[in-house]
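The residues making up each chain are set out below.
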Amino acid sequence: NAGVTQTPKFQVLKTGQSMTLQCAQDMNHEYMSWYRQDPGMGLRLIHYSVGAGITDQGEVPNGYNVSRSTTEDFPLRLLSAAPSQTSVYFCASRALSYEQYFGPGTRLTVT
Amino acid sequence: GQQVMQIPQYQHVQEGEDFTTYCNSSTTLSNIQWYKQRPGGHPVFLIQLVKSGEVKKQKRLTFQFGEAKKNSSLHITATQTTDVGTYFCEGSQGNLIFGKGTKLSVKP
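Treat the numbers as computed from the prediction; the structure is a model and nothing was measured. (Residues numbered from 1 in each chain as written. Chains lettered and ligands numbered in written order. Predicted model: local features only at pLDDT ≥ 70, side-chain atom pairs only at ≥ 80, totals over all residues. Heavy atoms only, no water.)

Draft legend 1. Main features of the state of the cysteines. Residues and elements named next belong to chain B. Under the criterion given, the structure shown has two disulfides over all chains. Each sulfur in the disulfide pair Cys-23 and Cys-89 lies 1.6 Å from the other. One disulfide, between Cys-23 and Cys-89, carries an S-S torsion of -85° and so falls in the left-handed class. Taken together, the positions of Cys-23 in strand 3 (residues 19–25) and Cys-89 in strand 9 (residues 85–93) put the pair 66 residues apart, joining distant regions of the chain. Here Cys-23 and Cys-89 have matching classes, each one buried. (Disulfide = S-S within 2.5 Å. Helix = DSSP H or I, 4+ residues; strand = E, 2+ residues; numbered from the N terminus. Buried < 20%, exposed > 50% of the residue type's maximum accessible area, 1.4 Å probe, protein only.)

Printed below as a string of structure tokens:
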């Protein structure tokens with residue numbers, strides 16, 4: 001099993017550009033989440049999904065969209081990148097047991 | 001809203017000293033999870049606590065869940081340089097909320 005995979009590992013965007021961060025898991029987990037991690041702020045939940053076709057907002061959803069067309073994939077879209085979105089982004093998945101499996105992360109810089 | 005406070009934010013210790021990080025919730029939790037994130041890495045699940053007053057051990061790590069299920073602690077005995085990283089708690093009450101983490105550095 002590959003677990004949770006994320007692409008790309010690094011990305012630099014200019015303000016106003018859009019892009020999609022990819023996340024996939026092969027553990028057949030129903031729950032998937034996107035977090036951003038900033039220094040001193042811990043992990044903040046952006047969006048989450050409890051199953052294919054179902055998504056909901058987390059703590060910091062503004063500027064991001066998600067969709068969940070399959071159990072395996074949960075892409076995160078930045079609509080119009082802003083410097084405030086410079087961060088490390090983690091995707092995570094879990095079954096019902098609450099143990100979350102995190103991907104390796106995407107380091108995003110917006111200039 | 002639900003909050004999980006974690007202290008201290010930073011801890012610097014000499015190798016061999018003990019280390020403790022604490023999590024406190026404003027509401028009663030169903031359970032609590034602990035994660036470790038090595039520098040440059042991603043969070044990795046350590047343990048889950050479910051029962052009131054539960055204590056679990058993993059080698060030099062001891063995890064406790066308070067009687068009221070509002071607080072938890074992670075204690076490392078005789079730290080080693082391999083313990084370096086940030087330790088996060090994550091509380092569950094419907095939603096999952098992470099504490100901001102405690103960054104541990106260990107001086108050899």
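Draft legend 2. Seen up close, the side chain of Gln-48 of chain B. Checked against the element boundaries, Gln-48 of chain B lands in strand 5 (residues 44–49). Separated by 3.0 Å, the side chains of Gln-48 of chain B and Gln-33 of chain B make a polar contact. (Polar contact = N/O pair within 3.5 Å; in protein donor to acceptor, adjacent residues only side chain to side chain.)

Draft legend 3. Summary view of the sheet that holds strand 1 (residues 4–7) of chain A. All names here are of chain A. In spatial order, the strands read 1-3-8-7; together these four strands make up an open sheet with antiparallel pairing. In this open sheet, the two strands that pair with only one neighbour each are strand 1 and strand 7 (64–66). Across the sheet, the mean angle from the axis of one strand to that of its neighbour is 20°, orientation sign disregarded. Pairing between strand 1 and strand 3 (residues 19–25): four bridges, direction antiparallel. When the bridges of strand 3 are listed, Thr-7 appears paired with Gln-22. (Pairing = 2+ DSSP bridges. Axes fitted to C-alpha atoms, helices over the stretch in contact; angles between N-to-C directions.)

Draft legend 4. Examining the interface of chain B and chain A more closely. Contact with chain B, which involves 19 residues of that partner, is made by 17 residues of chain A. Between chain B and chain A, a total of about 1,400 Å² is buried, with carbon and sulfur atoms accounting for 56% of that surface. The interface formed by chain B and chain A includes zero salt bridges. Across the contact surface, chain B and chain A share three residue pairs in polar contact (both at pLDDT 80 or more). For the side of chain B that touches chain A, the leading source of residues is strand 4 (residues 31–37) of chain B, giving four residues. Residue classes in the side of chain B that touches chain A are distributed as six nonpolar, 11 polar and two charged. (Contact = heavy atoms within 4.5 Å. Buried area = accessible area lost by both parts, 1.4 Å probe. Salt bridge = Lys/Arg side-chain N within 4 Å of Asp/Glu carboxyl O. Nonpolar A, V, L, I, M, F, W, Y, C, P; charged D, E, K, R; others polar.)

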